[in-house]
2 protein chains.
Amino acid sequence: MKKLVIGVDIGGINTAFGLVDEKGDLYAESVISTKKYPYIDDYPAYVADLCSAMRAMTESVSFEFELIGIGIGAPNANYHKGTVETPANLWKFRPEETNCDESRRIFPLADDVSKCFGGVKTLITNDANAATIGEMVYGNAKGMKDFIMITLGTGLGSGFVANGEMIYGHDGFAGEFGHIIVERNGRECGCGRRGCLEAYVSATGIKRTAFDLMAKMSAPSRLRGIAFEDFDSSMISAAAEAGDPIALEAFRYTGELLGHALADAVTITSPEAIFLFGGLSKAGKLLFDPTRWYMEENMLSVFKNKVKLLPSGIQGKNAAILGSSALIWQQQQ
Amino acid sequence: MKKLVIGVDIGGINTAFGLVDEKGDLYAESVISTKKYPYIDDYPAYVADLCSAMRAMTESVSFEFELIGIGIGAPNANYHKGTVETPANLWKFRPEETNCDESRRIFPLADDVSKCFGGVKTLITNDANAATIGEMVYGNAKGMKDFIMITLGTGLGSGFVANGEMIYGHDGFAGEFGHIIVERNGRECGCGRRGCLEAYVSATGIKRTAFDLMAKMSAPSRLRGIAFEDFDSSMISAAAEAGDPIALEAFRYTGELLGHALADAVTITSPEAIFLFGGLSKAGKLLFDPTRWYMEENMLSVFKNKVKLLPSGIQGKNAAILGSSALIWQQQQ
C-alpha cells in the first residue's frame, strides 16, 4: 500500500497542510486559518479544527494509503519535546490577562495532533529546520553531510547540518543564526535586542536598509514615492532590475552583511554548501553576487573557494509543506 | 591483554607522546624536538625519528599490551584525509626555495606513522579538536551530546560537538572559531586578515590588550615597567590578582569580546555547556566572571541562563596527549 505523510506548515496567518509521498509528490492539500485562534484559550479549538480538516483531507483521497507520520513546521518548535514554546505570534495571552507566566504558553502540539490520528508518529520543528530537512530529502542537498540553509522571509531562519544530522542543540532550539549580532547597538530586532542579522538581512531588513539609504543618499529613486507602510521588499528587486541606485546599494549592503556572517559561520561548521531559500533569495544575482563576493573576501584562507553558495531546490508554494513532511521521510531512509 | 593507545601532541617546539589506557592513565611518555626539523625536506627524517622514539617508548613498558591505535593532534590537521596541510610553523619552504607551491606542503602524517607500526589505526586532528574529544572521553563533557570547547593558548582554538559527534566539516577543518571577525579592520591576525577573535582573546590577545590599555588609560600599573618582548600573559593575571587597574580592565575587555562571541555561537549550536581550556583559562574568575556576564547579557532570550560556562576537566601537563589518545578511545566506546 502507498505510504504517505502529512506535512503541516503553521504560519501566523494560515496553517497549510498536504499529503506527500517519499518523492515529494503532493496528493491533496488544504488550509485553515491560524489567525482565527489568537489567544491561549483558543489553542484546544485550533487543535480540534486542524485535526478535523486534516482528517477531511485524508478522506478526500480516492485510493487507500498508509499514513506513516505527521511532520509539523511551526515557530518556536522544540524538536526534542514536541512542543511549541512561548511563540511571539500564536496563542497569546488575552490583553486582560493578569497571570502572564510564560510557562503557561508551552503547547504540546506534537502529542495533541498525534492523538487525533491514533498515535501516529508526529515530529515538530521550526520552519527553517523543516526547510533544511526538505532540502536534504527532496532538494539540492541530497547526499550532502554538511551544509547550511538560510531562509530569507520576514525574518532570517537557518538550519545547520553536520555529519548528516540536523543540529537541534541541547534544548532543541539551535539554528537561530538570524540572531547573531552584526552591529553592536544597531537596529532594534523583534527579539528585544539590537543589531541582529535578521534586522538587516531579510525582507523587512532590506526594506529598512532602503529607507536608511533614502536618508543617507541623495540619488533620485523611484522608491522615494512609496510610504513605509505601503513598501514591500519585492519593490526593491523591481527597482534594482531597472538600475535604481538606492535599490542596487540596498542589495549590495545586504549581501555584504550576509557574506560577512556566512564567512564566520563557515569557520565553525565548514559546510560543503550554503543554500538561500525564501522570498528575498528569489532576487537571484542581485543578492547572490554581493553575498558570494563578500563571503569569499572575508573567508579564512583554508576555506576560500570551497563553499558553494546555491539557491534552494525546493522553492515554490509547497516548499514548507514538503519540508515538514521530510521530517518523517528522513527517518525512513 | 591490556589495551593501550599512543597519544601524540605535535607543537611547533616539541612533539610529546605517551601510552594511555581507556581511563586516561599514562604508562610512559617521551618527547622529541619538532623544531629540529623546520623544513619541508626534513619531514621524512622527522617521521622516522618520531617513530623510533615512539617504538623505544613502547619497549620501555615492562608488561605486555596490545597497541590498538595512535591518535595525533597537530596544527592544520585534516581528520578526513589524515594529512597536515600547509602548516604555518612546520616543515616550511627553505628561504632559498623558488617553487613555493603550497600543494607540496600536504603531509600524509597519519599514513606515514601508521606504516611504522604495522598499519595500526591512526587518526589525526588539530589540537583543539583533540582536546575537545579528550573532554568528552576523560573530562567534564562525559555524557554530553552538545558542547563547545574553547582552547586559549597562543591562539584561540575550538571544537564543536553536536548530536554526540565532533563537527569536522566537509573538508575536515571545521572549528576555527578563533577566526570569526569580531572587529572589522581590527587588529592584524596571524591568518593574514584583521579583527579575528584570537587577536583579542588568547594569551597573545590579552597581552596586546594590555598594551593598548597602557596607551589609552593613565592609571598607574606595574605592567608599565615591562617591555613588550619580555611580557607574558601570566603577568597580567598576577597584576590583576593584586588589583592592578590596567590588568583588571584587560580581563574585563577580554571577557566582553569572548562573551559576545559565545552568545553568537550559542544561537547556532545551542550547547549544553561551553568549556574553557588552556593557559589563559587558568586565570579563573578573572576571565570566567566577565565572560559569563557578557554572554548572558547578549544572549537571545530562549537561551538565557541555560548554557553552563565551565573549566575544562583535563587541564594539566598531559592534557594534549590525553586528548590525542581520546581520538582512538572514542571509537572504541
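Everything quoted here is computed from the prediction, not taken from an experiment.

Chemist: Even after reading the chapter, I still don't get the relation of the copies chain B and chain A, so can you show me in this structure?
Modeler: Turning one copy of the chain about an axis and sliding it along that axis gives the other copy, so a rotation and a shift relate them. Mapping chain B onto chain A calls for a screw motion: a turn of 180° about the axis and a shift of 0.0 Å along it, with 0.0 Å RMSD after fitting. On this basis, the relationship between the two copies can be described by a two-fold rotation axis. When C-alpha positions in chain B are compared against the rotation axis, the closest is assigned to alanine 162 of chain B, at 3.9 Å. Most of the interface of chain B is mirrored in chain A, where 100% of its interface residues again form contacts.

Chemist: Please clarify how the environment of isoleucine 226 of chain B should be interpreted in this entry.
Modeler: Residue and element names in this part refer to chain B. With respect to the helices and strands, the residue isoleucine 226 is situated in the loop between α4 (203-216) and α5 (233-241). On the accessibility criterion, isoleucine 226 (23% relative accessible area) is partly exposed. With residues up to four places along the chain from it excluded, the contact list for isoleucine 226 reads Phe211, Phe231 and Met235.

Chemist: Just to check I follow, could you spell out the packing of α5 of chain B against helix α6 (residues 245-269) of chain B for this structure?
Modeler: Working note: a packed helix pair is described by the angle between its axes plus the distance between those axes. All names here are of chain B. Taken N-terminus to C-terminus, the directions of α5 and α6 make an angle of 115°; their axes are 7 Å apart at the nearest point. For the element pair α5 / α6, the angle class is roughly perpendicular. The crossing of α5 and α6 is left-handed. Across from Ile236, Ser237, Ala239 and Ala240 in α5, the residues of α6 making contact are Ala247, Leu248, Ala250 and Phe251. Here the contact of α5 with α6 is built from residues that sort into seven nonpolar, one polar and no charged.

Chemist: Explain the nonpolar core to me, please; I cannot follow it from the model alone.
Modeler: Nonpolar side chains tend toward joint burial in soluble globular proteins. Judged by nonpolar contacts, the single largest core of 98 residues is most densely connected at Phe177 and Ile274 of chain A together with Phe177 and Ile274 of chain B. Contacts of isoleucine 274 of chain A, omitting those with residues within four sequence positions, involve Ile148, Ile150, Leu262, Val266, Met295, Val307, Lys308, Leu309 and Leu310 of chain A.

Chemist: Is there a simple way to think about the confidence of the model for chain A in this case?
Modeler: Atom-level detail of predicted coordinates should not be read off regions where pLDDT is low. Looking at chain A as a whole, the pLDDT averages 94, with 100% of positions reaching at least 70. Two summary scores accompany this predicted model of the complex, namely pTM at 0.92 and ipTM at 0.91.

Chemist: Looking at this structure, how should I read the sheet that holds strand β10 (residues 156-162) of chain A?
Modeler: Strand pairing within a sheet occurs via backbone hydrogen bonds; the two strands may be parallel or antiparallel. All names here are of chain A. Sheet architecture is open: five strands sit in the order β11-β10-β9-β12-β13, paired in mixed fashion. The open sheet is flanked by β11 (165-166) and β13 (308-311), the only strands paired with a single partner. Summarising the sheet, β10 and β11 pair through two bridges and their orientation is antiparallel. The partner of alanine 162 across the bridge, within β11, is glutamate 165.

Chemist: Help me understand the packing of aromatic side chains in this model?
Modeler: Centre distance and the angle of the planes are the two values used to describe a pair of aromatic rings. All told, the structure shown has 26 aromatic pairs over all chains when counted by the stated rule. A centroid spacing of 6.2 Å and a plane angle of 65° characterise the contact between phenylalanine 63 of chain A and phenylalanine 65 of chain A, whose relative ring orientation is edge-to-face. Relative to phenylalanine 177 of chain A, the ring of phenylalanine 160 of chain A has its centre 5.8 Å away and its plane inclined at 70°; by these criteria the two rings are edge-to-face. Of this pair, phenylalanine 160 of chain A sits in strand β10 while phenylalanine 177 of chain A sits in the loop between β11 and α4 (203-216), placing them 17 residues apart in sequence. Members of the aromatic cluster, each reached through a chain of ring pairs, are Tyr37, Tyr43, Tyr46, Trp91 and Phe107 of chain A. The residue whose ring lies beneath arginine 105 of chain B is phenylalanine 93 of chain B, and the NZ or CZ to ring-centre distance is 5.7 Å.

Chemist: What is the right way to look at the interface of chain B and chain A in this model?
Modeler: Many structure descriptions define interface size as the accessible area lost when the parts assemble. Taken residue by residue, the interface counts 36 residues in chain B and 36 residues in chain A. Of the roughly 3,200 Å² buried between chain B and chain A on both sides combined, carbon and sulfur atoms contribute 56%. When the area that chain B buries against chain A is broken down by residue, the three leading residues are His170, Ile268 and Leu300 of chain B, summing to 20%. Summed over the shared surface of chain B and chain A, the number is two salt bridges. Where chain B packs against chain A, one counts 22 residue pairs in polar contact (both at pLDDT 80 or more). At five residues, α6 of chain B tops the list of elements feeding residues into the side of chain B that touches chain A. For the side of chain B that touches chain A, the per-class residue count stands at 17 nonpolar, ten polar and nine charged.

Chemist: I would appreciate a short explanation of helix α8 (residues 319-332) of chain A in the present structure.
Modeler: What sets the pattern is the α-helix's 3.6 residues per turn: residues three or four places apart point alike. All names here are of chain A. With 14 residues, α8 extends 20 Å from end C-alpha to end C-alpha; this agrees with the ideal 20 Å at 1.5 Å per step. Of all bends in α8, the biggest is about 40°, found at alanine 326. Where burial is concerned, most of α8 is hidden: ten out of the 14 residues are buried. Within α8 the residues assigned to the buried category are Ala319, Ile321, Leu322, Gly323, Ser324, Ser325, Ala326, Leu327, Ile328 and Trp329.

Chemist: I tried to follow the state of the cysteines on my own but got confused; where do I start?
Modeler: Disulfide: a covalent bond connecting the sulfur atoms of a pair of cysteines. Scanning the entire structure with this criterion turns up zero disulfides over all chains. A disulfide-free cysteine, cysteine 196 of chain A has its sulfur positioned 3.7 Å from the sulfur of cysteine 191 of chain A, the nearest such atom.

Chemist: For this particular structure, what's the right way to read the side chain of aspartate 244 of chain B?
Modeler: All names here are of chain B. For aspartate 244, the position within the fold is in the loop between α5 and α6. Nearest to the buried, unbridged aspartate 244 among oppositely charged side chains is arginine 222, at 4.9 Å. Of note is the side chain of aspartate 244, whose polar atom sits 2.9 Å from the backbone nitrogen of arginine 222. Setting aside residues no more than four positions away along its own chain, aspartate 244 makes contact with Ser221, Arg222, Leu223 and Ala239.

Chemist: In this structure, what is going on with helix α6 (residues 245-269) of chain A? I would like to understand it.
Modeler: Residues and elements named next belong to chain A. Compared with an ideal rise of 1.5 Å per residue, which puts 25 residues at 36 Å, α6 spans 36 Å between its outermost C-alpha atoms and is within 8% of the ideal. With 20 of 25 residues buried, α6 is to be regarded as a mostly interior element. Where α6 begins, the side chain of aspartate 244 points an oxygen toward the backbone nitrogen of isoleucine 246, at a separation of 3.0 Å. The first or second residue beyond α6 is serine 270, which carries a positive phi of 45°.

Chemist: I would appreciate a short explanation of the environment of tryptophan 329 of chain B in the present structure.
Modeler: All names here are of chain B. Assignment of secondary structure puts tryptophan 329 in helix α8 (residues 319-332). Linking tryptophan 329 and aspartate 9, residues 320 residues apart in sequence, is a C-alpha distance of 16 Å. Those residues in contact with tryptophan 329 that lie beyond four places of it in its chain are Lys3, Leu4, Val5, Val20, Asp21, Glu22, Ile68, Val137 and Tyr138. Among the polar contacts listed, one links the side chain of tryptophan 329 to the backbone oxygen of aspartate 21, at a separation of 3.3 Å.

Chemist: Would you mind showing me how to read the sheet that holds strand β3 (residues 26-33) of chain A here?
Modeler: All names here are of chain A. Read across the open sheet, the five strands follow the order β3-β2-β1-β4-β8; overall the sheet is mixed. Edge positions in the sheet fall to β3 and β8 (122-125), since each has one partner strand and no second. Across the sheet, the axes of successive neighbouring strands diverge by a mean angle of 20°, strand direction being ignored. Two strands pair when backbone bridges link them, and strand β2 (residues 14-20) and β3 are joined in this way by seven bridges, in the antiparallel orientation. Counted as the bridge partner of threonine 15 is isoleucine 32 from β3. On the sheet, helix α2 (residues 109-116) packs against β1 (2-10), β4 (65-73) and β8 and is oriented at approximately 150° with respect to β8. Strand contacts of α8: β1, β2, β3, β4 and β8, with the helix running at about 135° to β1, the strand carrying the most contacts.

Chemist: What exactly am I supposed to notice about the pattern of salt bridges here?
Modeler: When charged atoms on two side chains of opposite charge get close, those side chains can pair. Enumeration over the complete set of coordinates arrives at 26 salt bridges over all chains. Between lysine 306 of chain B and aspartate 171 of chain A there is a salt bridge, with the nearest N and O atoms lying 2.9 Å from each other. Of the two residues, lysine 306 of chain B is situated in the loop between α7 (285-297) and β13 (308-311) and aspartate 171 of chain A in the loop between β11 and α4; the pairing between them involves two chains. By relative accessible area, lysine 306 of chain B is classed as partly exposed at 37%. Arginine 252 of chain B is paired through a salt bridge with glutamate 256 of chain B; the nearest N and O atoms lie 2.8 Å apart. On the criterion of helical spacing, the pair formed by arginine 252 of chain B and glutamate 256 of chain B is a turn pair, its members being four residues apart in helix α6. By relative accessible area, which is 28% here, arginine 252 of chain B ends up partly exposed. Here the salt bridges do not stand alone but share partners, grouping Asp41, Asp42 and Arg94 of chain A into one network.

Definitions and limits used
Residues numbered from 1 in each chain as written. Chains lettered and ligands numbered in written order. Predicted model: local features only at pLDDT ≥ 70, side-chain atom pairs only at ≥ 80, totals over all residues. Heavy atoms only, no water. Least-squares fit on C-alpha atoms with pLDDT ≥ 70 in both. Contact = heavy atoms within 4.5 Å. Helix = DSSP H or I, 4+ residues; strand = E, 2+ residues; numbered from the N terminus. Buried < 20%, exposed > 50% of the residue type's maximum accessible area, 1.4 Å probe, protein only. Axes fitted to C-alpha atoms, helices over the stretch in contact; angles between N-to-C directions. Parallel < 35°, antiparallel > 145°, perpendicular 65-115°, else oblique. Left-handed = near helix turned anticlockwise from the far one by under 90°. Nonpolar A, V, L, I, M, F, W, Y, C, P; charged D, E, K, R; others polar. Core = buried A, V, L, I, M, F, W, Y, C linked by side-chain atoms within 4.5 Å. pLDDT = per-residue confidence, 0-100. Pairing = 2+ DSSP bridges. Phe/Tyr/Trp six-rings, centres within 6.5 Å; stacked < 30°, edge-to-face > 60°. Lys NZ or Arg CZ within 6 Å of the ring centre and 35° of its normal. Buried area = accessible area lost by both parts, 1.4 Å probe. Salt bridge = Lys/Arg side-chain N within 4 Å of Asp/Glu carboxyl O. Polar contact = N/O pair within 3.5 Å; in protein donor to acceptor, adjacent residues only side chain to side chain. Expected span 1.5 Å × (residues − 1). Bend = angle between axes of the 7 residues up to and from the residue. Disulfide = S-S within 2.5 Å. Lys, Arg positive; Asp, Glu negative; His and termini not counted.

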